[in-house]
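Spelled out from the first residue to the last, the chains are:
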Amino acid sequence: QVQLVESGGGLVQAGGSLRLSCAASGGTFRLGNHNMGWFRQTPGKEREFVATMSWIGDPADYHPSVRGRFNISRDNAKGMLWLQMNNLQPEDTAVYYCNTYPPTQDAWGQGTQVTVSS
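**Q** What exactly am I supposed to notice about the side chain of D92 here?
**A** By the element assignment, D92 lies in the loop between β8 (80-85) and β9 (94-100). Looking at D92, its side chain comes within polar contact range of the side chain of R40, at 3.0 Å.

As structure tokens, then:
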């Protein structure tokens, strides 16, 4: 029922920043009815959560490896979710996805590639 489209990834040097966007649309899905999150995955590894945010935008939770560097935000009326990533490190390299939290298993999008060079 929901289509999730991620964008904003790219290639940056360590210490750089990127802002990822997630557009949610389709059917009866309303962003404001769901807790949302950002996830990431590298080849051969299980997808892991990066950051989550409640349906009202607070509280937010972050994986310890990104806490203090990343910030999640949302605009329910616009159906948008963002992830501001600062001080990126090579270990942040992954394909980043948005989804509900807990994730809806048939709603995963294409993701957006983030590559951080040292």
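**Q** Can you walk me through the sheet that holds strand β6 (residues 60-62) in this structure?
**A** Strands in a sheet are paired, the pairing made by backbone hydrogen bonds, and the direction either parallel or antiparallel. Spatially, six strands are ordered β2-β10-β9-β4-β5-β6 in an open sheet, and the strand pairing comes out mixed. Looking at strand neighbours, the two that pair on one side only are β2 (10-13) and β6, the edges of this open sheet. The sheet shows a mean angle of 25° between the axes of neighbouring strands, taken without regard to direction. Relative to strand β5 (residues 48-53), strand β4 (residues 36-41) runs antiparallel, the two sharing five bridges. Paired with W38 across the two strands is A51, which belongs to β5.

**Q** So what exactly am I meant to see when it comes to the state of the cysteines here?
**A** A covalent bond between the sulfur atoms of two cysteines is referred to as a disulfide. The tally for this structure, following the rule as stated, stands at one disulfide. Here C22 is linked by a disulfide to C98, with a sulfur-sulfur distance of 1.9 Å. As the torsion about the S-S bond is roughly 65°, the C22-C98 disulfide counts as right-handed. One end of the pair, C22, is in strand β3 (residues 18-25); the other, C98, is in strand β9, with 76 residues separating them in the sequence.

**Q** Please explain the side chain of R40 as it appears in this structure.
**A** The residue R40 is located in strand β4 in this model. Among the polar contacts listed, one links the side chain of R40 to the side chain of Y96, at a separation of 2.9 Å.

**Q** So what exactly am I meant to see when it comes to the pattern of salt bridges here?
**A** Side-chain pairing between opposite charges can occur once the charged atoms of the two side chains come close. Under the defined criterion, the tally for this structure stands at four salt bridges. The closest approach of N and O atoms between D92 and R40, which form a salt bridge, is 3.0 Å. One end of the pair, D92, is in the loop between β8 and β9; the other, R40, is in strand β4, and 52 residues separate them in sequence. Judged on exposure class, the residue D92 and its partner R40 are both buried.

**Q** What's the story with the packing of aromatic side chains in this structure? I'm lost.
**A** Remark: the centre distance and the inter-plane angle together describe each pair of aromatic rings, the angle taken between the planes. Applying the stated criterion to the full structure yields three aromatic pairs. Between the aromatic rings of F39 and Y101, the centroid separation amounts to 6.2 Å while the plane-to-plane angle is 20°, which identifies the pairing as stacked. Within this pair, whereas F39 is found in strand β4, its partner Y101 is found in the loop between β9 and β10 (112-117), the two being separated by 62 residues in sequence. Of the residues examined, Y101 reaches a relative accessible area of 37% and is grouped as partly exposed. Each ring, one from F39 and one from W108, has its centre 5.2 Å from the other, and the planes form 85°; the classification is edge-to-face. Taken as a pair, F39 in strand β4 and W108 in the loop between β9 and β10 lie far apart in primary sequence, 69 residues in all.

**Q** Any chance you could explain the pairing of β9 here in plain terms?
**A** The side chains of a regular strand alternate, first on one face of the sheet and then on the other. For β9, a buried count of seven out of seven residues is recorded, marking the element as mostly surrounded by other parts of the structure. Bridging between β4 and β9 involves six bridges; their strand directions are antiparallel. Paired with W38 across the two strands is C98, which belongs to β9. As paired elements, β9 and β10 share three bridges and run antiparallel to each other. Residue pairing across strands places A94 opposite V114, the latter belonging to β10.

Conventions we followed
- Residues numbered from 1 in each chain as written.
- Predicted model: local features only at pLDDT ≥ 70, side-chain atom pairs only at ≥ 80, totals over all residues.
- Heavy atoms only, no water.
- Helix = DSSP H or I, 4+ residues; strand = E, 2+ residues; numbered from the N terminus.
- Polar contact = N/O pair within 3.5 Å; in protein donor to acceptor, adjacent residues only side chain to side chain.
- Pairing = 2+ DSSP bridges.
- Axes fitted to C-alpha atoms, helices over the stretch in contact; angles between N-to-C directions.
- Disulfide = S-S within 2.5 Å.
- Salt bridge = Lys/Arg side-chain N within 4 Å of Asp/Glu carboxyl O.
- Buried < 20%, exposed > 50% of the residue type's maximum accessible area, 1.4 Å probe, protein only.
- Phe/Tyr/Trp six-rings, centres within 6.5 Å; stacked < 30°, edge-to-face > 60°.

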